[in-house]
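In case you want the letters, here they are:
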Amino acid sequence: MTSTTLPAPAAVPATASAARAFAAKRRRTLLVGLVVFAGMAALPYLVRDVYLQNVLILTVMYAALSQSWNILGGYCGQISLGHALYFGLGAYFTSVLFVTYGVVPWGGMLAGGLASAGVALLLGWPCFRLAGHYFSIATIVIAEIGLLLVHNWDFVGGAMGIQWPFNPDSWWTLQFARDKVPYFHFALGLFVAVWFVTYLIEDSRWGYWWRAVKDDAQAAESLGVEVFRSKMAAAAVSAFFTAIGGGFYAAYVSYIDPESVMSFRFSLLFALPAVLGGIGTLWGALVGAAILIPLTEISRSYLGGTGSGLDLILYGLLVMLVALARPEGVLSLFKRTRTARNQEAAP
Amino acid sequence: MIRRRDLLVGGAGALALAGAGLRPARAADEVVVGVLYAMSGASAQVGVDARHAIETALDIVNADHALDLPLAKGTGLPGLGGAKIRLVFADHQADPQKGRAEAERLITQDKVAALVGCYQSAVSNTVSATAERYGVPFVCADSSSPSLHRRNLKFFFRPAAHDEMFSAAMFDFLDAQRAKGQTIGSVALFFEDTIYGVDSANVQRKLAGERGYKVVADIKYKTNSPSLTAEVQQLKTANADVLLPTSYTTDAILLTKTMAELGYKPKSMLAQAAGFAEKVTYDTVGDKLQGLISRGSFSLDLAAKRPSVGAVNALYKARAARDLNDNSSRQFMALLVLADAVNRAGSTDGQKIRAALSATDIPGAQTIMPWKRVAFGPDGQNTEADPVLLQWVGDKFVTVFPDSAAVAPALWPMKA
């Protein structure tokens with residue numbers, strides 16, 4: 001935009017103007033982000049119904065979790081189907097520390113996040129030696145082992161789960177009996193944090209390395225990219241934010257048991273929005289979650305009570321449609337029209 | 001672009017809501033009750049059966065039936081000028097988070113006067129916590145985890161027995177057999193590794209110690225194991241007077257088959273329902289389980305003691321094409337107990353219904369259950385919900401304990 005208003009100096013090399021255009025595009029993205037997030041922060045004041053507020057909270061929470069998954073799965077190309085493990089770690093750290101030791105959830109989330117990042121590094125050591133499908137399978141198996149361990153570990157409640165005590169409304173303990181707005185703002189804050197980290201990574205050395213690893217690990221290595229360390233770093237960042245999301249979920253629902261925070265469906269739910277919206281993009285996870293979560297929640301609520309399974313049929317149809325029509329995700333629809341527009345304008 | 005989409009989604013939702021609000025205005029002659037079950041997913045069958053059972057109870061309340069049950073005669077709730085009950089069903093998919101969200105929706109959008117549910121104990125946990133926060137009574141029909149009524153909730157009520165009451169009944173029965181001159185000195189625990197199995201074994205171990213039964217085998221096994229050969233060898237070596245299995249269907253069948261293969265005939269078996277209450281288990285290995293005794297909440301032969309059982313079962317069967325069982329009988333009773341309280345409260349106000357529920361006193365004869373009475377303690381648990389023990393004889397279950405519900409004496413030891 002700025003380049004059109006300036007007199008185009010013919011002497012400037014093409015790379016410099018490209019760099020300027022890129023920097024302008026980055027600034028634009030940041031500005032759009034700020035406007036979008038400010039608008040979103042006002043949403044719960046427009047939607048006063050607690051049920052719909054709950055849908056909004058879940059949407060933003062899954063957007064944040066899917067964006068966390070996207071850091072490893074989308075940018076670095078390592079498809080993990082075991083992120084429920086990190087989610088569960090965050091939920092359990094937060095719950096055990098709060099219920100048993102009285103540590104406020106903020107501390108529990110941070111501890112859970114750091115522990116998850118540590119676990120991701122430990123698991124990455126053997127697992128990142130596996131490529132492609134083998135890596136994905138390993139992540140599924142490890143998450144299932146985690147689920148079994150928690151199931152049989154009495155200290156963390158075993159199969160009985162952990163019940164959060166009733167507490168007066170407070171930001172400190174993250175407990176609000178009826179008010180949903182604070183939960184929405186926490187979830188939005190988490191999403192903004194993950195989004196911003198992703199934004200920073202996109203234009204950092206790590207970001208370029210990760211995308212190189214995703215495109216072709218061998219070629220990247222031959223150019224000096226440290227493939228193994230790239231994967232490890234992406235896994236740690238991704239696990240950290242996933243665990244914070246898990247801690248938030250525990251505080252929000254106020255009760256956790258192994259199945260309700262560590263079952264395999266969570267691993268899928270973290271991957272789906274990003275895949276649906278556009279994998280490896282800044283906005284894909286949010287777009288995917290904004291379509292997927294309201295659709296599943298509202299269809300279950302208003303059609304699920306009949307027992308006909310119509311809500312699940314709708315869900316399956318949508319995923320199939322996107323997979324068939326736009327395998328790159330919903331965002332690619334807009335991308336293509338913009339490219340087409342530019343091409344028309346070019347000559 | 002995204003902003004617009006979010007607005008659209010929010011707007012569409014808001015419109016849907018506005019539409020919901022425009023449904024025929026709820027007159028004072030209607031009491032809305034929310035019902036939460038898993039209507040889809042792995043345990044959808046339970047939810048579908050629950051729907052039929054609760055709709056059967058609804059019909060008994062709303063229409064005129066010549067039965068000795070609360071509110072059967074006449075139509076609707078006389079305490080509210082003949083108001084009818086309307087049910088709103090919600091699907092929680094066995095997920096505590098979804099249960100919580102659906103409970104909130106039923107309370108704030110459908111303005112339900114009370115909630116009934118939820119089968120899975122984990123879901124009943126979050127639903128009852130939500131009900132508590134909004135001051136809406138929750139009648140727990142069929143979740144049997146003892147932890148549920150120990151949370152100091154004011155709006156939680158459970159007419160049916162919890163797991164510890166079931167285990168206590170099993171040991172009461174063993175004591176009774178001893179009093180009749182049987183020598184029962186040792187028991188063997190055999191349980192699966194979930195909340196259900198572990199909880200059951202913990203209580204049984206404690207009761208065995210208290211009442212002087214020696215635990216000669218204490219075996220936890222992995223649910224859905226491919227083989228139980230090693231475990232059965234241990235059971236055979238211990239050869240306890242009574243084998244106490246806690247297993248779901250596939251494991252119950254595998255256990256029975258493995259015992260037959262290894263030539264182990266337990267002297268007697270006293271089972272914690274689940275797999276040993278399932279029809280499919282007896283279709284498969286019923287011949288090897290002759291004389292097995294299982295605990296239960298309900299039995300069709302109660303018709304001999306509770307005259308309404310036959311008629312209610314016929315009404316239910318017309319809807320569900322199957323007989324009432326442990327779960328559906330409890331779901332049926334949950335709505336009747338609630339309707340009785342709403343009627344006495346003469347109001348749809350949560351506090352008033354809660355007070356009426358606390359004052360509930362329904363004699364056992366006016367239920368379809370073996371219960372002595374329905375009367376809630378301060379924790380919301382009905383302490384007089386006696387379980388029954390059923391013995392598999394020939395090709396059907398016979399109620400053998402307690403004496404107030406028994407139709408035949410127990411055959412002891414079992415003759416497999």
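Residues numbered from 1 in each chain as written. Chains lettered and ligands numbered in written order. Predicted model: local features only at pLDDT ≥ 70, side-chain atom pairs only at ≥ 80, totals over all residues.

Student: Which residues make up the domain arrangement of chain B, and what values do they have?
Tutor: Residues and elements named next belong to chain B. Annotation of chain B at the domain level lists domain 1 (10-161 + 305-374) and domain 2 (164-296 + 388-401). Computed over C-alpha atoms, the centres of domain 1 and domain 2 are 33 Å apart. Listed as interface residues are four residues of domain 1 and, on the opposing side, seven residues of domain 2. Taken together, the residues of the side of domain 1 that touches domain 2 break down into three nonpolar, no polar and one charged. (Domains from an automatic or database assignment. Contact = placed C-beta atoms within 7 Å. Nonpolar A, V, L, I, M, F, W, Y, C, P; charged D, E, K, R; others polar.)

Student: Could you give an account of the UniProt feature "transmembrane region" (unreviewed entry) in chain A, naming the residues involved and the relevant values?
Tutor: Residue and element names in this part refer to chain A. The sites that UniProt annotates as "transmembrane region" (unreviewed entry) are residues 29-47, 53-72, 84-104, 110-128, 183-201, 232-256, 268-293 and 313-334. Taken end to end, residues 84-104 is 86% helix and 0% strand, and its two terminal C-alpha atoms sit 23 Å from one another. As a span, residues 232-256 carries 88% helix and 8% strand, and end to end its C-alpha atoms are 29 Å apart. (UniProt positions renumbered as here; feature names shortened; annotations may be inferred. Helix = DSSP H or I, 4+ residues; strand = E, 2+ residues; numbered from the N terminus.)

Student: Give me the lowdown on the interface of chain A and chain B, citing residues and values where you can.
Tutor: At the interface, 39 residues of chain A touch 41 residues of chain B. Listed by contribution, the elements that provide at least two residues to the side of chain A that touches chain B are helix 2 (14-46), helix 3 (50-75) and helix 13 (284-303) of chain A. Looking at the side of chain A that touches chain B element by element, the count peaks at seven residues for helix 13 of chain A. Here the residues of the side of chain A that touches chain B sort into 22 nonpolar, 13 polar and four charged.

Student: An account of the sheet that holds strand 7 (residues 214-221) of chain B is requested, with residue identities and associated values reported.
Tutor: All names here are of chain B. With parallel pairing, the three strands of this open sheet are ordered in space as 7-6-8. At either end of the open sheet lies a strand with only one pairing partner, and these are strand 7 and strand 8 (242-246). Mean inter-strand twist for the sheet, computed between neighbouring axes without regard to direction, equals 15 degrees. The sheet strands contacting helix 7 (residues 229-238) are strand 6 (186-192), strand 7 and strand 8, and the helix crosses strand 7 at an angle near 175 degrees. (Pairing = 2+ DSSP bridges. Axes fitted to C-alpha atoms, helices over the stretch in contact; angles between N-to-C directions.)

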